[in-house]
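Structural characterization, general
These are the residues of each chain, in order.
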Amino acid sequence: LGRHYNWTERTYACDHAEPMPRHVAELCDDLCGLIGVTMNAEAAIVNYYRPGDTMGGHVDDAETDRSLPLVSVSLGCSAVFLVGGATRDVAPTAVWLRSGDACVFVGEAARSYYHGVPRILPDTCPSHLREATAWPDAPGPGDGDSSDAAYAAGRPADDEALRGLCEFLRGSR
């Protein structure tokens, strides 16, 4: 959503962007405001976790200014989220993510930490999302990962269609 990410080159395409959905941008601003940080969201990747999905350990280092916050909202099944350190040698800490949970990475050091989702917990998807799988099966980003959990590139977003989702997320935990 917003500026498109090229998974192969690991860069944002400056010439390929949709308007950032207003409700998603406002949600990101609100989440950052809760911890005293300002944000002007320009891009979003939807993390919708289904049974069997994974997201390999990685760092979010494609942005030129990594001091800016990164907001992650998880949807779908509950997952084990691992957060390590600046190298893969740092033992990760496991965090249980439920649908609607948000994480905000602030500062260059935090954005340089390896993180990933090695396991999805089956039968944990909220019923209102289980029946409303918005995206049909599609090829993943092509990086050999077994998941397309973070793949939503090329799908235009209707701002009003996202309003209800953002209202739900504001009201969850």
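Criteria and thresholds
Residues numbered from 1 in each chain as written. Predicted model: local features only at pLDDT ≥ 70, side-chain atom pairs only at ≥ 80, totals over all residues. Heavy atoms only, no water. Pairing = 2+ DSSP bridges. Helix = DSSP H or I, 4+ residues; strand = E, 2+ residues; numbered from the N terminus. Axes fitted to C-alpha atoms, helices over the stretch in contact; angles between N-to-C directions. Core = buried A, V, L, I, M, F, W, Y, C linked by side-chain atoms within 4.5 Å. Buried < 20%, exposed > 50% of the residue type's maximum accessible area, 1.4 Å probe, protein only. Contact = heavy atoms within 4.5 Å. Phe/Tyr/Trp six-rings, centres within 6.5 Å; stacked < 30°, edge-to-face > 60°. Lys NZ or Arg CZ within 6 Å of the ring centre and 35° of its normal. pLDDT = per-residue confidence, 0-100. Expected span 1.5 Å × (residues − 1).

1. A few points about the sheet that holds strand 4 (residues 55–58)
Ordered in space as 4-9-6-7, the 4 strands form an open sheet in which the pairing is antiparallel. On the outer flanks of this sheet lie strand 4 and strand 7 (93–97), each paired with one strand and no other. Recorded for the sheet is a direction-independent mean angle of 25° between the axes of neighbouring strands. As paired strands, strand 6 (residues 79–83) and strand 9 (residues 115–120) are joined by 4 bridges and run antiparallel to one another. When the sheet's bridge partners are listed, L82 is paired in strand 9 with G116.

2. Some remarks on the nonpolar core
Core analysis: the biggest nonpolar cluster contains 31 residues, and F81 and V117 have the highest contact counts within it. Of all the elements in the fold, those that place two or more residues in this core are helix 1 (22–34), strand 3 (47–49), strand 5 (70–76), strand 6, strand 8 (102–105) and strand 9. Look past the residues within four positions of F81 in its chain and what remains in contact with it is T93, A94, V95, L97, C103, F105, H115, G116 and V117.

3. A few points about the sheet that holds strand 3
Strand order in the open sheet made by the 3 strands is 3-5-8, with mixed pairing throughout. Edge positions in the sheet fall to strand 3 and strand 8, since each has one partner strand and no second. Neighbour-to-neighbour, the strand axes of this sheet turn through a mean angle of 25°, independent of strand direction. In the packing of helix 1 onto the sheet, contacts are made with strand 5 and strand 8, and the angle to strand 5 comes to roughly 115°.

4. Some points on the side chain of R111
For R111, the location among the structural elements is in helix 2 (residues 108–111). The exposure class of R111 is buried, given its relative accessible area of 4%. Beyond its immediate sequence surroundings of up to four residues, R111 is in contact with V59, D60, E63, D65, R66, L68, P69, L70 and F105.

5. Remarks on the environment of S112
By secondary structure assignment, the location of S112 is in the loop between helix 2 and strand 9. Along the chain, S112 and G84 lie 28 residues apart, while their C-alpha atoms are 9.5 Å from each other. Among all residues touching S112, those that are not within four sequence positions of it are V59, G85 and A86.

6. Here we look at the packing of aromatic side chains
Geometry of an aromatic ring pair is reported as the spacing of the ring centres plus the angle between the planes. Inspection of every chain in the model, using the stated rule, returns 1 aromatic pair. Stacked on the ring of W96, the Lys or Arg R98 has its end atom at 5.6 Å from the ring centre.

7. Quick notes on the environment of I35
In this structure, I35 sits in the loop between helix 1 and strand 3. The sequence separation of I35 and V106 amounts to 71 residues, and the corresponding C-alpha distance is 9.7 Å. If near-sequence neighbours (up to four positions away) are discounted, I35 is found in contact with V104 and V106.

8. A look at the confidence of the model for the protein
For residues with low pLDDT, the predicted coordinates do not support detailed interpretation. Averaged over all residues, the pLDDT of the protein is 77; the fraction at 70 or higher stands at 75%. When pLDDT is averaged over each helix and strand of the protein, the minimum, 58, is found for helix 4 (residues 159–171) and the maximum, 95, for strand 6. Here residues 133–157 is modelled with pLDDT under 50, and outside its nearest four sequence neighbours on either side it reaches 45 contacts, counting other chains as well.

9. Examining helix 1
With 13 residues, helix 1 extends 18 Å from end C-alpha to end C-alpha; this agrees with the ideal 18 Å at 1.5 Å per step. Buried within helix 1 are the following residues: H23, V24, A25, L27, C28, L31 and C32. Count one or two residues on from helix 1 and you reach G36, which has phi positive near 80°.

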